[in-house]
Amino acid sequence: MTLQIKSFEEYKAAYERSVQDPEGFWAEQASSFYWKEKWDTTLEWEFKSPSVKWFLNGKFNITENCLDRHLESRGDQVAILWEANDPNAPAKSYTYKQLYIEVCKVANALKANGIGKGDRVCFYMPMVPELAIAVLACARIGAVHSVVFAGFSATALADRIKDATCKMVICSDYNNRGAKNIPVKAIVDDALSQGCDSIETVLVHRNTGGDVNWQENIDKWWHEEVDGQNPYCPAEVMDSEDMLFILYTSGSTGKPKGVVHTCGGYMIYTCFSFRNVFQYQEGDVYWCTADIGWITGHSYIVYGPLLAGATTMMFEGIPTYPDAGRFWEICEKHKVNQFYTAPTAIRALMAHGNEYVNKYDLSSIKVLGTVGEPINAEAWHWYNEVVGKGNAPIVDTWWQTETGGIMITSLAGVTPTKPTYATLPMPGIQPCLVDGDGNEITENDVEGYLCVKFPWPSMLRTTYGDHERCRQTYFSSFTDKYFTGDGARRDENGMYRIIGRVDDVINVSGHRMGTAEVENAINQHPGVVESAVVGYPHDIKGQGIYAYIITADEVNDEDGFTKEIRDVVTREIGPIAKPDLIQYVPGLPKTRSGKIMRRILRKIASGDTSNLGDVSTLLNPDVVESIKEGAKV
Ligand code: WTA
């Protein structure tokens, strides 16, 4: 196993070492894994193109490290523990041995359906064990998984299938989520009707049962394809830099891009970070409430925990079904030791009152984690005191889809915490703050653009099919640095606090969204001339979506029109992107070169119209007054 740091002194020593001798440090971590052939060069990199390669020419398969390697020592230990949406349904569990067999069977079924190394397989599935199993089955045979969060619309799914020219979609028939029953297969059918010509097979897992439309030759039942398969499937030999998966994420411009992660570095880093951040011990039950459709689920439900031989829990449902005590009921039931969730869930549950927490015995909890957005002080203290009873250190983990693993965080019980601060970088991570001119700010007690100046094993390698976009987005703002898109503060002790995005990305309930993406969706409505979307502070969601819209004709029925706009966005992206507030405006403040002045729109949306700065240089200064008057906050 990789190093597990046990004291602040050890952390400081490991950090120092990882900066002085990064290659030696990571080679040491990597040597505890199972390799078929050892790498010959630990690292080759430059951030200009960019080109980053770790553990060059190493050969192995990540699933042998997640599964085969554990069979002897912990074959009968639970690998995946699954809790259903329905609180009365029994939990399911898979031991390492059982998981290994299931993964092999699905891997053979994929092969029998023409999937091989390098082929892209799209997932559109609820949080059932079969999702994790099939993801690992792809990795077993070298196929590239592209998991799409099942809350996205058919159009968004089609966009992602087309971008990665996927050969197969794996989905379920229906999905139980809270009190809702979602027709998953029908959404896939709708996506495929939008020109996904590369799809040869749709593999359908029967989850809830119920009628589905069936297209012979394309649609295949999971149980018919998988049940009779051989429970052994040799692992495809992969190179460290072979692609492991694609995961789409939003940026400031255009459509979501496919972030590409490769096998070697991702394996080392997710295992290393999992063990150190959460201080996982043998026999612990670890629960991350994320969805596997997001990076948090990839790295810290599936890969990191399984690589570390942990018991990892998957939950099908939502925090408030059947009531706001569900998370805590599950923690008590399974004696969860490490609990990892998002600030938006913490705030939502906090709003329901302490009695939902106090009803349950949470004494098993040793570590509390948070991820996805800045955590406000009130939520931090509630989490610490009401959930953790002051006994469970909080790890506020800052990272991104692109970073593959946690970058800045406390190590539970090992390094200090500070409310609302992600605190210190992980060993091997070299963050820095940069000013508007691109100069690194070296002193403390400052704010700046958060960058990383040295490669780490799990960083993105490219954006699928468009390497130039990767360079442009992350490596062109500041020379020789990876730019995160976040602003951060560093206190007098060198601890980092993430302030939030400084680009046109908003973070709604921990979901990343490009304002341009939402605008494009709104503009699909035939009555819309132009729109501008900004984030505004929202008590539960962190940020809400505020849309300013210019319509072709006067809006007489505002409620009706607003509903139509929300429907268009739901159709184009999904319900998570629906604007919370919509204001119909006669114009948008623009510079003389025609650029929308978002700064002004953001201020108005935040309810602060006191000092909008100099608007006299605008093309249309009058419009600002009228927007202020009609503001929805
Ligand atoms: C934000 C999620 C503050 C940040 C793993 C980042 C955070 C974006 C934190 C990435 C945190 C994530 N504190 N902000 N602990 N964690 N963020 O790609 O703005 O879905 O850039 O990855 O979420 O979101 P993504």
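Let us look at the structure shown here. (Residues numbered from 1 in each chain as written. Predicted model: local features only at pLDDT ≥ 70, side-chain atom pairs only at ≥ 80, totals over all residues. Heavy atoms only, no water.)

Side note on the overall build of the protein chain
Inference 1: Per the secondary structure count, the protein chain includes 19 helices and 31 strands.
Inference 2: Taken against the 2.2 N^0.38 rule, which gives 26 Å for 633 residues, the C-alpha radius of gyration of the protein chain at 24 Å falls within 12% of a compact globule.
Inference 3: The principal-axis extents of the C-alpha atoms in the protein chain amount to approximately 75 × 60 × 55 Å.
Inference 4: When burial is assessed residue by residue, the protein chain has 60% of its 633 residues classed as buried. (Helix = DSSP H or I, 4+ residues; strand = E, 2+ residues; numbered from the N terminus. Rg over C-alpha atoms; globule rule 2.2 N^0.38 Å. Buried < 20%, exposed > 50% of the residue type's maximum accessible area, 1.4 Å probe, protein only.)

Some thoughts on the pairing of strand 28 (residues 511–514)
Inference 1: Side chains of strand 28 alternate between two faces, with His 511 and Met 513 and Arg 512 and Gly 514 buried alike.
Inference 2: In terms of strand pairing, strand 27 (residues 505–508) meets strand 28 through four bridges, oriented antiparallel. Residue pairing in the sheet places Ile 506 in a bridge with Met 513 of strand 28.
Inference 3: Counting the residues between successive antiparallel strands, the hairpin from strand 27 to strand 28 contains two residues, one of them, Ser 509, with a positive phi of roughly 50°. (Pairing = 2+ DSSP bridges.)

Focus on helix 6 (residues 154–163)
Residue pairs three or four apart in sequence face the same way in an α-helix, which turns once every 3.6 residues.
Inference 1: Within helix 6, seven of the 10 residues are buried, leaving the element largely enclosed by the surrounding structure.
Inference 2: The set of residues buried in helix 6 consists of Ala 154, Thr 155, Ala 156, Leu 157, Ala 158, Arg 160 and Ile 161.
Inference 3: Where helix 6 is buried, its residues meet strand 6 (120–124), strand 8 (168–172), helix 7 (184–192), strand 14 (243–249) and helix 17 (558–572).
Inference 4: After helix 6 finishes, the residue Thr 165 shows a positive phi value of roughly 35°. (Contact = heavy atoms within 4.5 Å.)

A few points about unusual backbone geometry
The general pattern is negative phi for most residues beyond glycine and trans for most peptide bonds.
Inference 1: Here Ser 49 and Pro 50 are connected by a cis peptide whose omega angle stands at -10°.
Inference 2: Relative to the elements of secondary structure, Pro 50 occurs in the loop between strand 1 (41–46) and strand 2 (51–56).
Inference 3: Cis geometry marks the peptide bond from Tyr 321 to Pro 322; its omega dihedral reads -5°.
Inference 4: Assignment of secondary structure puts Pro 322 in the loop between strand 17 (311–315) and helix 11 (326–334).
Inference 5: For Phe 55, which is not a glycine, the phi torsion comes out positive at approximately 55°.
Inference 6: Its place among the elements puts Phe 55 in strand 2.
Inference 7: Residue Phe 55 is classed as buried on the basis of its relative accessible area of 0%.

Structural notes on the site of the ligand
Inference 1: Lining the immediate surroundings of the ligand are 17 residues, of which Asp 396, Thr 401, Asp 486, Arg 501 and Arg 512 lie closest.
Inference 2: Asp 396 places a polar side-chain atom, nitrogen or oxygen, 2.7 Å from a nitrogen atom of the ligand.
Inference 3: A distance of 2.8 Å separates a nitrogen atom of the ligand from a polar atom in the backbone of Thr 397.
Inference 4: Its free accessible area being 530 Å², the ligand has 96% of it covered by the protein chains.
Inference 5: Put simply, the parts of the chain that give the shell around the ligand at least two residues each are helix 10 (295–307), strand 20 (394–397) and strand 26 (496–501). (Near = heavy atom within 4 Å. Polar contact = N/O pair within 3.5 Å; in protein donor to acceptor, adjacent residues only side chain to side chain. Areas by Shrake-Rupley, 256 points an atom, 1.4 Å probe, with all protein chains shown as cover.)

Regarding the packing of helix 12 (residues 343–351) against helix 14 (residues 377–387)
Inference 1: Orientation of helix 12 relative to helix 14, taken along the N-to-C sense of each, is 75°, at an axis distance of 10 Å. With respect to their mutual orientation, helix 12 and helix 14 come out roughly perpendicular. Mapping the contact onto sequence places Ile 346, Arg 347, Leu 349 and Met 350 in helix 12 and Glu 378, Ala 379, Trp 382 and Tyr 383 in helix 14.
Inference 2: Across the contact of helix 12 with helix 14, the residue classes break down as six nonpolar, no polar and two charged. (Axes fitted to C-alpha atoms, helices over the stretch in contact; angles between N-to-C directions. Parallel < 35°, antiparallel > 145°, perpendicular 65-115°, else oblique. Nonpolar A, V, L, I, M, F, W, Y, C, P; charged D, E, K, R; others polar.)

Structural notes on the sheet that holds strand 15 (residues 257–262)
Inference 1: Reading across from one edge, 12-11-8-6-7-14-15-24 is the order of the eight strands in this open sheet, with mixed pairing throughout. The sheet terminates laterally at strand 12 (219–221) and strand 24 (462–463), the two strands that pair on one side only.
Inference 2: Across four bridges, the pairing between strand 6 and strand 8 is parallel. The residue of strand 8 that forms the bridge with Tyr 124 is Cys 171.
Inference 3: Those strands touched by helix 6 are strand 6, strand 8 and strand 14, and its axis lies near 165° from that of strand 6.
Inference 4: Running at roughly 140° to strand 14, helix 10 makes contact with strand 7 (144–147), strand 14 and strand 15 of the sheet.

Regarding the packing of aromatic side chains
Inference 1: Per the counting criterion, the structure on display carries 45 aromatic pairs.
Inference 2: Note on Tyr 300 and Trp 399: the rings are 5.1 Å apart at their centroids and 85° apart in plane angle, and the pair reads as edge-to-face. One end of the pair, Tyr 300, is in helix 10; the other, Trp 399, is in the loop between strand 20 and strand 21 (431–434), with 99 residues separating them in the sequence.
Inference 3: Classification of Tyr 300 as buried rests on a relative accessible area of 0%.
Inference 4: Trp 399 sits in the buried class, given a relative accessible area of 8%.
Inference 5: Ring centres 5.1 Å apart and planes at 90° place the aromatic pair Phe 478 and Phe 483 in the edge-to-face group.
Inference 6: Among the aromatic residues, those joined into a ring-pair cluster are Trp 45, Phe 47, Phe 454, Trp 456, Tyr 474, Phe 475 and Tyr 482.
Inference 7: Over the aromatic face of Trp 221 sits the side chain of Arg 206, whose NZ or CZ is 4.4 Å from the ring centroid. (Phe/Tyr/Trp six-rings, centres within 6.5 Å; stacked < 30°, edge-to-face > 60°. Lys NZ or Arg CZ within 6 Å of the ring centre and 35° of its normal.)

Quick notes on the nonpolar core
Inference 1: Counting residues in hydrophobic clusters, the biggest one holds 122 residues, and the most contacted among them are Ile 62, Leu 99, Leu 110, Phe 123, Ile 170, Phe 278 and Tyr 303.
Inference 2: Among all residues touching Ile 170, those that are not within four sequence positions of it are Leu 110, Val 121, Cys 122, Phe 123, Tyr 124, Met 125, Ala 134, Leu 203 and Trp 222.
Inference 3: Of all hydrophobic cores here, the second largest spans 47 residues; its members include Val 148, Ile 522, Phe 561 and Ile 565. (Core = buried A, V, L, I, M, F, W, Y, C linked by side-chain atoms within 4.5 Å.)

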